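A closer look at the structure
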Amino acid sequence: MNSLQKDVRTLTSSTDMIQKKRALINVSKLIFTASAEGPPSVSEASFQPYFVSDLFPALIKTTTDEKEKIRELSLNLLLKIVGCKEMEAFDFTDTLKLFSEDVFKRGFASASPKPFTEPAEEIRLLLLKTTTTLLNHPSIQPSANSKTTTSVFSTIIEGIIRACGDNFPEVKRECCLCLAKMSKKGGEVIKMHAESLTKQLNTNLNHQHSKTRQMTVKAIGIVLSSAGGVTTNSEKLMIETVLPSLKKTGFDQIPSVRKGFITCLVKILNVALDNFDFDEDPSSSSATEDKMVIDGEATLQENKNATSNSKVYAPFVPQLLAFLLGMCCDEVEEVKNVALEELQKLADSRKEESIFKFQKSPDDMTSKFISYYFEKILSILVTDAGHWTSGQREKALSTLTTLIEFTAPAHPSLYSNLEIIISCLASAINDDEEVVAANTSVCAGALGKKLGASPAAIQILLPRLDGSLSGMNTPEKLVGSLLILSSILVGSDDDCVVNLATKISTALSSPAILESTDRDVLEALLETAENFVDKVGGRWKTCEGSDGALTLNLLHSCIFLLGADVNYDLRDGTGGILKKISGFCGCGDDVSMLFDGHFVNLVNRLRGEPELTVVWPNGKDPNLRAFDALMRVAGATGGKHFASVIDIFESHMNVDNEPESRLVVMALLESVLNNKQVAEYVKEFTGKLINDVVAPNIVWRAGGVASTIRKVSIACLFTILKSETVDTQTLFQAAPKLLPVLKTNLGDYDASSRQLCCLSLGIIFAGLPGALGMEPVHQLYPDLLKCLDDSSDDVRFAACGTLKVFLKSAPAEHFKGTLMDYLCDQLLIHMDDPDPVIQQSVFDILLVAIEVDKDVVKKKATATRNSHRDVRLCDLLLKQC
């Protein structure tokens with residue numbers, strides 16, 4: 001004891017740093033080093049009165065020494081003594097008072113230009129640690145039991161407020177620990193300083209160290225729960241400071257910070273709910289609730305109706321629950337599980353409330369609890385779903401999914417707010433960010449699943465699609481409604497979809513959708529149609545009904561999808577839908593059979609009115625494209641019902657019509673007639689097609705577009721002629737109109753057109769043997785012979801075949817004379833062509849010419865034999881003569 005007293009006197013009287021340092025070391029050894037006779041001196045009761053009277057005052061005095069090392073050693077020794085297990089029975093009340101007023105307060109006092117009187121950050125940390133340890137000591141009584149303790153706690157709180165602004169991260173974190181200890185004994189004091197504490201802590205939520213952010217958000221929860229919402233400016237503090245910061249913390253990238261965020265939310269919610277009157281309707285409008293403005297985006301309105309302090313937090317419960325629900329869908333499983341567990345505990349703690357206790361509902365307590373706040377939480381999430389940052393939108397929609405999943409299926413708030421939910425989702429699903437659109441789709445699926453067999457959501461969406469609601473025909477609105485319907489169909493019960501199958505299919509075939517040329521609309525239609533067909537599935541025939549409206553509507557949609565721009569890449573998906581429907585309807589893999597019973601009705605829908613003669617204005621008209629797709633996909637069925645569409649071909653091919661639509665229709669006709677089955681059905685209409693549809697468009701007209709139409713028309717004519725469905729009588733009647741225009745086009749600048757003209761003439765000549773008169777023969781032969789000199793070998797080969805049948809198309813006497821002389825001269829020249837194939841083809845023509853006038857052929861062949869490079873063919877020709 002004497003040695004201890006000596007060292008303590010040195011601490012109080014000496015000015016020498018070395019002596020003080022040695023004294024502090026000796027005191028530590030004397031107190032904590034066990035002797036051979038027994039335990040450390042600190043455990044001896046006889047020593048403890050001396051601690052109070054001499055040691056602690058001396059240590060507290062040296063903690064303010066001008067030498068940093070002395071202050072550090074003193075604080076470490078004091079911290080060690082206070083934290084010693086043997087000192088648990090000791091009363092540190094006076095020590096805490098003395099330390100807080102003489103040391104702690106001084107250390108964190110401002111000292112311009114420095115932020116604190118204590119310059120060393122390690123010592124400032126020791127000051128806080130010592131304070132935390134003293135507060136944790138059993139001898140320190142709650143502030144409610146002592147005015148002195150209240151004063152001491154206030155001094156400490158004021159120091160903590162300043163310490164929170166320390167640049168040293170360890171100091172910031174120790175402030176949070178100190179507050180946690182004080183909350184157990186000085187909650188009333190924290191309440192008095194809650195506003196200043198919260199604002200200061202709030203600045204640390206953006207700290208670069210995740211551990212600091214984690215402890216800070218927990219400390220905010222401690223402060224606000226201790227305050228109990230009864231500070232002077234609690235509402236303003238929550239709106240302007242707390243909620244915006246907490247909202248941002250929910251997006252922290254570190255899971256541990258988000259777990260701390262959950263702890264904070266639960267603490268505040270427990271206080272708020274303890275003072276909440278569940279007999280009041282949470283959805284009712286009140287001045288207090290009108291103050292719930294987040295992110296400071298609106299000014300705080302003065303509440304004219306006085307609100308009791310015990311209910312200050314009550315208006316913020318929906319926002320806090322929205323934050324907690326957001327954590328229930330966190331991407332980290334651990335964080336998600338913590339949030340779900342805390343939500344369950346929070347809900348269970350309210351199960352004795354009368355509004356929940358007497359509910360005869362099979363739903364669990366969490367579902368009842370969330371359903372009670374559904375409308376208010378929904379309002380918050382709908383607002384956030386339109387936030388300018390993609391992260392906020394993504395979180396809002398995933399939270400909305402969780403809200404829907406937790407809500408009781410039969411809760412009236414869900415149904416009364418369906419219109420709001422669907423409008424929100426329909427807007428969000430068009431988001432440029434894929435993750436936002438994906439979350440929206442998931443949310444819509446959850447809504448469909450929650451509603452189950454209820455048709456409420458689908459019935460809201462259908463008027464948006466069928467054109468009965470004004471303002472819903474814009475591409476963006478249609479896309480949103482279609483995609484939301486698609487997702488809801490996936491989640492809904494099969495029976496619900498089956499019962500509404502015809503109505504859904506009618507909406508999907510509405511003109512507002514089908515006549516849109518917007519790619520996004522058509523892609524959304526395809527997706528919705530796919531999900532709808534899959535949902536109905538094997539119950540297709542059950543839904544069909546006697547009028548076949550279901551299949552008709554879907555076929556109507558499919559032909560518009562098939563007719564869409566090829567760059568939209570919709571045809572494979574549409575083909576898959578048609579195959580599925582074909583299977584459901586018992587048509588197997590033959591999709592064309594599917595159209596048999598609906599072809600005429602589909603055509604009438606495209607017309608607008610049955611039997612109405614229609615001319616679509618341009619080649620890109622959606623109805624014309626759909627007609628094109630219908631004729632192609634229907635195959636033989638299109639030929640079977642050709643009588644119902646021939647007027648469409650005829651009306652569009654009027655030469656005075658817009659060129660683009662004429663081109664599309666002519667190309668369609670050529671393609672359709674290439675199908676042998678269709679050609680057989682069209683046989684009775686070939687005369688009308690040739691005379692009224694094709695022939696007028698072969699007439700030469702200037703311009704590139706006219707040239708393209710002419711070329712396609714010639715190809716169409718050739719397709720009709722080669723199909724062998726044109727009888728002799730029809731051909732005979734058409735020849736006077738066809739021969740002149742084909743003759744003219746033998747000089748077309750396009751080689752393929754010249755070739756097709758030659759081939760078409762050849763078929764006509766072959767079909768009318770001996771039928772041509774003198775005048776046609778004399779008009780045609782010069783142009784045909786000219787084709788033998790064509791720059792294109794394909795044209796030359798075609799001309800050879802045509803000339804061969806040309807010589808049989810009229811009586812022999814029509815060819816004799818000058819015509820035959822000139823013909824043989826030209827043919828014998830080409831029989832000496834370098835190309836052996838041409839030589840042989842011309843030789844075949846001369847063999848036919850022998851039958852017309854053998855003497856002229858023999859005479860000409862003999863005269864030109866010696867001029868040929870190879871006389872073999874001439875010799876063979878002469879032998880035939």
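Below, the structure is looked at part by part.

Calculation criteria
- Residues numbered from 1 in each chain as written.
- Predicted model: local features only at pLDDT ≥ 70, side-chain atom pairs only at ≥ 80, totals over all residues.
- Heavy atoms only, no water.
- Helix = DSSP H or I, 4+ residues; strand = E, 2+ residues; numbered from the N terminus.
- Rg over C-alpha atoms; globule rule 2.2 N^0.38 Å.
- Buried < 20%, exposed > 50% of the residue type's maximum accessible area, 1.4 Å probe, protein only.
- Areas by Shrake-Rupley, 256 points an atom, 1.4 Å probe, with all protein chains shown as cover.
- Lys, Arg positive; Asp, Glu negative; His and termini not counted.
- Charge placed at Lys NZ, Arg CZ, Asp CG, Glu CD.
- 1 Å grid on protein atoms, 1.4 Å probe; cavity = no way out; pocket = protein on both sides within 12 Å on 5 of 7 lines; lining within 4 Å.
- Points joined across faces, edges and corners; volume = space filled by probe spheres on them.
- Nonpolar A, V, L, I, M, F, W, Y, C, P; charged D, E, K, R; others polar.
- Salt bridge = Lys/Arg side-chain N within 4 Å of Asp/Glu carboxyl O.

This part is about the overall build of the chain. The secondary structure content of the chain amounts to 48 helices and zero strands. What you see for the chain is a C-alpha radius of gyration of 48 Å, clearly larger than the 29 Å of a compact globule of 881 residues, by over 25%. Principal-axis analysis of the C-alpha atoms places the extent of the chain at approximately 160 × 70 × 50 Å. Considering the chain as a whole, with its 881 residues, one finds that 54% of them fall into the buried category. Accessible surface, the chain as shown: approximately 37800 Å² in total, 49% of it carbon and sulfur. Separation between the mean location of the 91 positive side-chain charges and that of the 112 negative ones in the chain comes to 6 Å.

On to the layout of surface pockets. Estimated volume of the second largest pocket: approximately 520 Å³. Where the lining of the second largest pocket is concerned, the elements lending two or more residues are helix H15 (333-348), helix H19 (390-406) and helix H22 (434-451). When residues in the lining of the second largest pocket are grouped by element, the largest group, eight residues, is from H19. Across the lining of the second largest pocket, the residue classes break down as six nonpolar, seven polar and eight charged.

What follows is about the pattern of salt bridges. Counting across every chain of the model gives 33 salt bridges. Across the pair Glu170 and Arg173 runs a salt bridge, and its minimum N-O distance is 2.8 Å. Residue Glu170 and its partner Arg173 are located together in helix H8 (residues 169-183), separated by three residues, close to a single helical turn. Assessed through its relative accessible area of 13%, Arg173 is described here as buried. Between Lys191 and Glu188 there is a salt bridge, with its nearest N and O atoms 3.4 Å apart. One end of the pair is Lys191 and the other is Glu188, both in helix H9 (residues 187-192) and three residues apart, which spans about a single turn. Overall, Lys191 belongs to the partly exposed group, its relative accessible area being 22%.

Looking now at unusual backbone geometry. Trans peptide bonds make up the majority, and among non-glycine residues the majority have a negative phi. In this structure, Asp569 takes a positive phi of about 60° despite not being glycine. Looking at the secondary structure, you find Asp569 in the loop between helix H30 (549-562) and helix H31 (571-584). Looking at Asp569, the relative accessible area reads 58%, which means it is exposed. At Glu724, a residue that is not glycine, the phi angle is positive and equals roughly 65°. In this structure, Glu724 sits in the loop between helix H40 (704-722) and helix H41 (728-745).

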